[in-house]
Every structure is written in structure tokens, then in C-alpha cells.
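Residues per chain, in single letters:
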Amino acid sequence: MNKNKYYFIITYGCQMNEHDSEKVAGMLEEMGYKPTTELKKADFIFLNTCTVRKNAELKVYGKIGSLKQLKRKNPDLVIAVGGCMMQVSEPVDKIKKKFPQVDLVIGTHNLHKLPELLNQIKNNDQRIITVWDQEKGIIPDLPSVRQSKFKAWVTIMQGCDNYCSYCIVPYVRGRERSRLKKEIITEVKNLVADGVVEITLLGQNVNSYAHDLNQNYGFADLLKELDQIKGLKRIRYMTSHPRDFDLSTIKTIEESEKICEHFHLPIQSGSNKVLEMMNRGYSKEDYLKIINLINKYVPYNSITTDIIVGFPGESEQDFAETLDLVKEVMFDMAFTFKYSKRSGTPAAKKDNQIPEDIKDKRLQQLMKIQNKISLKKNQKLLNKTLKVLVEGESKNNPETFMGRSRTNKLVIFPKNEGITGKIIKVKIDKAQSWTLYGKIIQT
Ligand code: SAH
Ligand code: SF4
Ligand code: F3S
């Protein structure tokens, strides 16, 4: 066994990766490893990488470079790189040639082989680079060490079949595969028995849940069943696709007790021409129809989105349409990105790429407008009382606590021992674009 051996995991990217990192931790702890918060102390370092944009990759190379020193000090240190970036051949080749400090490269599809490979490395003192280029069914259930005692991620499907023309995810995460509802429900019940009060259902397009299973059962049915689980307090889900978000889901949310009134619906662009080039499968009008239905059936809500600026061929007019849409919908928040060329995707081959300085300018303009809207929306919550799930000390100021409202607003309030993991009431007295502040009125 690996007594007195420590591991350190660095995670980039989305919730799928965060959740995979919990499984890496689970496998390592079964092998006898313990976690450490000091990189220097680690005997095993795992980098869980993301490749969705170029920036994400650059960060990883920078980090691997800096780990070289640690390896010099501790030759027994094992460094592994996994995650989405390792499903692409170019970065794997680069690591093979330029970063000898990396002992193991593993992909997303063979992650469950980590313990076996780690043992091989230690027994034979050899470097292993092994990535499966395709999924082989759903990865078996793996032990998991959760980051939170009372919040948990639950995978309902893996992969993506949408092939948005800019996106690399379908190539690195494989085809869409839904988990059986029986397994999902059992997992959630076990989590609740273990003290979890909030779950987030994970999938690249949760609204198409079970489409591949050919059953007369869909996402709304799954939500309905989960809503019945005693002891569970909150249900969230990520990510929705506007093409597949239907009225039955909205009505289920309206009628449910536990499904949070936060709608994250990535629009990507406000121009129909660009949406079509992106292969998103909906128009601006379709999107606005869903927003109207949400506002009609679930009026107390928050709506957030993802937007890409500078997609190849995006004209000033197209961009202006995105700005108009942002003003019309009045999103609570938007994650805004500059288009990043991902080789192997159809959009990367287009010859009408937008220069970097124009992308920068558009991004700044969009963020400025959205920040004002976010502030306005948050100011509407002044003097209102929100139910907040307490997560613990806030990152920037350990003298305060933080939590999330049902609408996923970040709320900061004075520190109070013994309330972590509980749902309390906070009256809001200060609003910023990204954060609300308030006083506890009931614990
Ligand atoms: N499955 C989810 C999220 C995928 S990645 C969805 O469909 O919404 C998260 C976000 O990254 C996307 O919504 C998109 O806005 C952004 N993104 C994906 N590929 C990108 C690229 N090549 N350049 C810039 N942003 C990108
Ligand atoms: Fe990427 Fe589109 Fe799939 Fe989302 S739905 S992961 S943006 S291909
Ligand atoms: Fe990145 Fe992979 Fe998620 S590419 S965004 S970590 S699915």
C-alpha cells in the first residue's frame, strides 16, 4: 500500500472535469494515498486538463513546466496528465517530446485504469502514455471523494452529439451516452443518506437525456422522480441546450419543490446567420420563445448564458444583434468568450477568421453592457430575503461566509459557526454585478 503517500490534483475546465477529479481522488485514496494542500509534499500530482479554448491549454503547459523543479528535488514524484486535452494527439506528442517530467498520460475514456497504470509505473520505473481514442460504454462506477459534504455532482450522461461547429468537446468526450435512470436515482438516494442536500445533474446537453436509450422517458421525467426523494433539498442541472429545452421541463420545474429556478441556457450568438454557422439548431426567435415561457411559468428566476464573440464570419451587424439580444433578455449573468480556433472542428477551417483585436474589442463591449445589466438585476434584490445554502468561508475574506441562493446568486454574509450545509435566510443590503451581500435573519 501507499502509506504516508500524498496526492495533489489540479483541475482545469468544467464541472465534468471537477467531478472526474473527485473520482481520481477516490481511486487514489483506495490505493492508500492521502490528500495534501501543499504541492511540495505530494508524491503524486494529477493535472486534469481542458482543451475547450487555447488559453486552457497554455495554462497547462505553463504548469507542467513549473513542476520540473519539484521532480528534480523528489525523483520519486509521479506526475500524471489526464483530461480532455490528452484526447488530442498534438498535445500528447508535445508532452512526449518536450516534457520528460511527465510520467503518465491518460485520457478521459480510460481514466478508470489509473490505479493499474500507476502501479505499473512504480513497479517497472517506466513512462506510460496511453489514451483510448474512443469511449467503451459508460465508465464503470468509481469511488469518489467529494469536495463538499452536502453538495454533489451526479453524471446523467456523458459525451455530446451536437457537434457545434466551433466545439471540440464531442471529439474528446465521445458520443452521447445516458446513464440508466435506476442507477441515477440509486446514486442520489445514497448521496442523500450520506448528508447531501443539493445535487447538480451533469451532462453536455441534459435536455436530451435518455434520447439514446429509446425509452418513453426523458429529462422532465427524471426531474419529477428526483423531486420526490426525501431529504434532498435542491436539484440543479448543467448544461441545457436551447434546442431541446421543452415546455414539459419548464412545467415540471414550476410544479416541483426542489428544482432550483436557475436557467443556464447558452445562446452563443444573437445573430441567426451565426447561429446557423455554429450548427446550434435554433434561431434567435426560438430562443426568445423559451425565455418567454420560462418567465411566464417560473417568474421568480435567474437566467444565465454563454456567448462567443468573433466566430468566423461574424460581422459588425451580427455582433450588434448579439448586443440587442443581451439587452432584450436581460441575463442575470453571461459567461463571455472570444472564439478560439480548435483544430479538427469545422469552424477552424473557415478562412474568414476574425482578427484578435476585433475579438478583444467586441468582448470588452459585450462585458461592459452585461455587467451593467447584471448589476441592475441584482439591485432588484435589495431588501429581499433569499434562502441561501451556506457553503462556508468566502474565498476573499475568511471573516465572512458565502452561499448560493436557489437562483444561484453568490451571497456573502457575516460568519456564523455551525451553519455550513444549512439553508438559511439572508436579507440583502448591498448588490454588485457578481455578488450580493446581506444579514442573516434566520438560521
Ligand atoms: N455543453 C455546454 C458547454 C460546453 S463548453 C453547452 O453546449 O453549452 C462551455 C462554453 O464554452 C460553451 O457554451 C461555449 O460558449 C464556449 N466554447 C466552446 N467552444 C469554444 C471555442 N472554440 N471558442 C470559444 N468558446 C467556446
Ligand atoms: Fe460543445 Fe455544442 Fe456539445 Fe455544448 S452542445 S459540448 S457547445 S458541441
Ligand atoms: Fe474543457 Fe473537457 Fe469540460 S474540454 S470544458 S473540461 S468537457
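Definitions and limits used
- Residues numbered from 1 in each chain as written.
- Chains lettered and ligands numbered in written order.
- Predicted model: local features only at pLDDT ≥ 70, side-chain atom pairs only at ≥ 80, totals over all residues.
- Heavy atoms only, no water.
- Helix = DSSP H or I, 4+ residues; strand = E, 2+ residues; numbered from the N terminus.
- Rg over C-alpha atoms; globule rule 2.2 N^0.38 Å.
- Buried < 20%, exposed > 50% of the residue type's maximum accessible area, 1.4 Å probe, protein only.
- Contact = heavy atoms within 4.5 Å.
- Areas by Shrake-Rupley, 256 points an atom, 1.4 Å probe, with all protein chains shown as cover.
- Salt bridge = Lys/Arg side-chain N within 4 Å of Asp/Glu carboxyl O.
- Core = buried A, V, L, I, M, F, W, Y, C linked by side-chain atoms within 4.5 Å.
- Pairing = 2+ DSSP bridges.
- Axes fitted to C-alpha atoms, helices over the stretch in contact; angles between N-to-C directions.
- Near = heavy atom within 4 Å.
- Nonpolar A, V, L, I, M, F, W, Y, C, P; charged D, E, K, R; others polar.
- Patch = residues over 30% accessible without salt bridge, like charges linked within 9 Å, V, L, I, M, F, W, Y side chains within 5 Å.
- Lys, Arg positive; Asp, Glu negative; His and termini not counted.
- Charge placed at Lys NZ, Arg CZ, Asp CG, Glu CD.

Enquirer: A description of the overall build of the chain should follow, citing residues and the corresponding values.
Expert: Looking only at helices and strands, the chain has twelve helices and 19 strands in total. A compact globule built from 443 residues would reach a C-alpha radius of gyration of about 22 Å, and the chain, at 22 Å, matches this within 12%. Seen along its three principal axes, the alpha-carbon backbone of the chain occupies a region of about 65 × 60 × 45 Å. Sorting the 443 residues of the chain into buried and exposed places 54% on the buried side. Of the contacts made within the chain by residues no fewer than 6 positions apart, 73% connect residues no fewer than 24 positions apart. With the model as given, the accessible surface of the chain reaches about 20700 Å², and the carbon-plus-sulfur share is 49%.

Enquirer: I'd like a rundown of unusual backbone geometry, residues and numbers included.
Expert: T239 follows M238 through a cis peptide bond whose omega is -5°. Along the chain, the position of T239 falls in the loop between strand 11 (234–238) and helix 8 (247–255). Its identity is not glycine, yet Y163 carries a phi of approximately 45°, on the positive side. One can find Y163 in the loop between strand 8 (157–158) and helix 5 (169–173). For Y163, a relative accessible area of 30% puts it in the partly exposed group. Notably, N214 is not glycine yet its phi reads approximately 50°, a positive angle. Along the chain, the position of N214 falls in the loop between strand 10 (198–202) and helix 7 (219–227). Residue N214 is classed as exposed on the basis of its relative accessible area, which comes to 72%.

Enquirer: Can you explain the pattern of salt bridges? Please cite residues and give values.
Expert: Throughout the structure, instances matching the rule amount to 26 salt bridges. A salt bridge links D318 to K273, with the nearest nitrogen and oxygen atoms 2.7 Å apart. Separated by 45 residues along the polypeptide, D318 in helix 11 (residues 316–329) and K273 in helix 9 (residues 272–277) bring together distant segments of the chain. Bridged by salt links that share partners, the residues K338, E356, K359 and D360 form one connected network.

Enquirer: Now, about the nonpolar core: what can you tell me, with residues and values included?
Expert: Formed by 52 residues in total, the largest nonpolar core has its most connected members in I199 and L201. When near neighbours in sequence (up to four residues on either side) are disregarded, I199 contacts A152, V154, V188, L191, L226, L232, R234, I235 and R236. Counting residues in hydrophobic clusters, the runner-up holds 23 residues, among them A42, V60, V92 and I95.

Enquirer: Would you mind going over the sheet that holds strand 17 (residues 410–414) in detail, with residue names and values included?
Expert: Pairing is mixed in the closed barrel, where five strands are placed in the order 15-16-17-19-18. Averaged over neighbouring strand pairs, the angle between their axes works out to 50° when direction is ignored.

Enquirer: A description of the site of ligand 2 should follow, citing residues and the corresponding values.
Expert: The environment of ligand 2 is formed by C160, N162, Y163, C164, Y166, C167, V169, P170, Q204, H241 and R280. For the shell around ligand 2, a count of residues per class yields seven nonpolar, three polar and one charged.

Enquirer: Break down a positive patch on the surface for me, with residues and values.
Expert: On the surface, a cluster of positive charge is made up of K94, K96, K97, K98 and R127. Structurally, K96 is set in helix 3 (residues 89–98). Its relative accessible area of 43% is what places K96 among the partly exposed residues.

Enquirer: How would you summarise the pairing of strand 16 (residues 400–405) if you had to cite specific residues and measurements?
Expert: Within strand 16, five of the six residues are buried, which leaves the element mostly enclosed by the surrounding structure. Adjacent in sequence and paired antiparallel, strand 15 (residues 385–393) and strand 16 are bridged by six residues. As paired strands, strand 16 and strand 17 are joined by five bridges and run antiparallel to one another. Its bridge partner lying in strand 17, T400 is registered against P414. Connecting the antiparallel pair strand 16 and strand 17 is a turn made up of four residues, with N408 showing a positive phi of about 70°.

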